[in-house]
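Chain and residue survey
Each chain, written out:
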Amino acid sequence: MTIDICASVHLSGALPPCPNERCTLLSAMRVLIRDLAKILREKPEEPVELEGWVHRIRELGGLSFIILRDRSGMVQAVATEKLDLTLESVISISGIPVRTEKAPGGIEIQVRTLTCISRAAQDMPYRVNAAFGRMGLETVLDNRILSLRNPALQAVFKVQATIIEAFSAYLRSQDFTEIRTSKLVANGTEGGTALFAVEYFNKKLYLAQSPQFYKQVMVASGMERVFEVAQVYRAEKHDTPRHLNEYVSLDVEMAFIESELELIALEKALLIHIFSELARKNSPELALHQAAVPDAAAVERSPTLSYEEALRIAIKESGNARLFDINPEVERLLCVWSMREYQSPLVFINAFPRRHRPFYTYPLGDTLTMSFDTLFRGLEITSGSRRQHDYQAFVEALPRFGLKAQDMPGYLTLLQYGCPPHGGFALGCERLTQKILGLTSVKEASLFPRDRKRISP
Ligand code: AMO
């Protein structure tokens, strides 16, 4: 069932008179699947043209039932003959939409013409139309080029796009400026050793672990409020459901703060905006994962605990007195506790001991810091702090971290020439996506994840 000409004329949307008198596409309106219900309401009997992928195909009693998929959804199309089609072929259909209870979604296209635009090979190594939960993570990632066609897997990245859009829009509304900083750096930014070395002409550089130093530079430059959305790199050897070697860091930095409490307030407002945008724009995608976002009141209710308090609660919750650090099990216990006591899936932890935080963190007394972590549904999603902006105090503290002032010429220049009190935080984009959708691994929330073994596609 093919039409002999016209595809290019009609697909391009140009509407010169068609030279082929037999062309039945002439009168068909090119539409998206999501528009069909409206078309049926407003112009019943109107022929339509749809383009997309063959998601499913089934022959029954001399009829062919195709599930057609485009970027907006899926619809059943029925042709009155047996079709020589393969799954995932790209086709164009013209026909009449009709209401029927027998079709999923209640609408069916009665096919008049069908053109195969690009035929898929028969031996597909991955079943795109299988329920995503039934394919193991390794299979999904090994077949990433094809598995991303599955609507539920694609939904992850539609949700992620909204997270980034809402994060940026909210910060812009609060007078933050978006910046882009280099990912090729001469030194680590987090004081750790987990760095990827890069050969750079005849020098050795590193992939940035975070834009930490640059965002502080931009705050001190007088921009005062900045944010960045960009990839960062961690050469950690972990292979866990919470670690990627490359992830998207949602970074914020602002001047004139007195403590991390102002940063926690900003993050709460940001999360409320992100969650409400997801509820407004992404209900089909959330539904595919049976996921729901917390409402504003739940975010507002979330508790802020000191590091000491948090450990005490975790010890009480678990009955295990040997918890000495906020490890993944403690993160999980604290979120269960918060859900029970505050009906909130979020917990903020502040006043971390100095030994647990990087050299740039502002101290609180002699042993603690003005820093915080955010836990969401059992996982750390954010770290942040007020920064040390006093040159003398910064230099004096460096030996505690095994660092020397002469190794940090950038920070010395930054702090020597007028630097306001400031602070910021970074939200892990994939971890937030993972927890919103209830994915088992953070790798599912990265389009093309990089881990110790995985370097392609
Ligand atoms: P930190 O190193 O704690 O802080 O990272 C901030 C947030 O980034 C996410 N994250 C990761 N996500 C996936 N895979 C990883 N390997 C990984 N490592 C970190 C987490 C984490 O909470 N410069 C500071 C932030 C700041 O103070 O502004 C920093 O990068 O969600």
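Residues numbered from 1 in each chain as written. Predicted model: local features only at pLDDT ≥ 70, side-chain atom pairs only at ≥ 80, totals over all residues. Heavy atoms only, no water.

Here's the deal with the domain arrangement of the protein
For interface size, the figure often reported is the accessible area lost on association. The domain boundaries assigned to the protein delineate domain 1 (2–118) and domain 2 (140–445). Computed over C-alpha atoms only, the centres of domain 1 and domain 2 are separated by 46 Å. (Domains from an automatic or database assignment.)

Topic: the packing of aromatic side chains
Using the criterion set out here, one finds 12 aromatic pairs in the structure. Note on Tyr-200 and Phe-201: the rings are 4.9 Å apart at their centroids and 70° apart in plane angle, and the pair reads as edge-to-face. Cluster of aromatic residues (ring-pair linked, three or more members): Phe-213, Tyr-214, Phe-359, Tyr-360, Phe-394 and Tyr-411. In this structure, Arg-357 packs its charged tip against the face of Phe-352, placed 4.3 Å from the ring centre. (Phe/Tyr/Trp six-rings, centres within 6.5 Å; stacked < 30°, edge-to-face > 60°. Lys NZ or Arg CZ within 6 Å of the ring centre and 35° of its normal.)

Some thoughts on unusual backbone geometry
A cis amide bond links Ser-456 to the next residue, Pro-457, at an omega of 0°. For Pro-457, the position within the fold is in the segment after helix H14 (429–437). In this model, Glu-45 sits at a positive phi of 75°, which is unusual for a non-glycine residue. Mapped onto the elements of the fold, Glu-45 is located in the loop between helix H2 (36–42) and strand S2 (48–60). (Helix = DSSP H or I, 4+ residues; strand = E, 2+ residues; numbered from the N terminus.)

What about the pairing of strand S4 (residues 73–79)?
Across the 7 residues that make up S4, a large majority, 5, are buried. With 7 bridges connecting them, strand S3 (residues 63–70) and S4 associate as antiparallel partners. In the sheet register, Ser-64 faces S4, and the bridge partner there is Ala-79. Hairpin geometry of S3 and S4 is characterised by an intervening segment of 2 residues between the two adjacent antiparallel strands. (Buried < 20%, exposed > 50% of the residue type's maximum accessible area, 1.4 Å probe, protein only. Pairing = 2+ DSSP bridges.)

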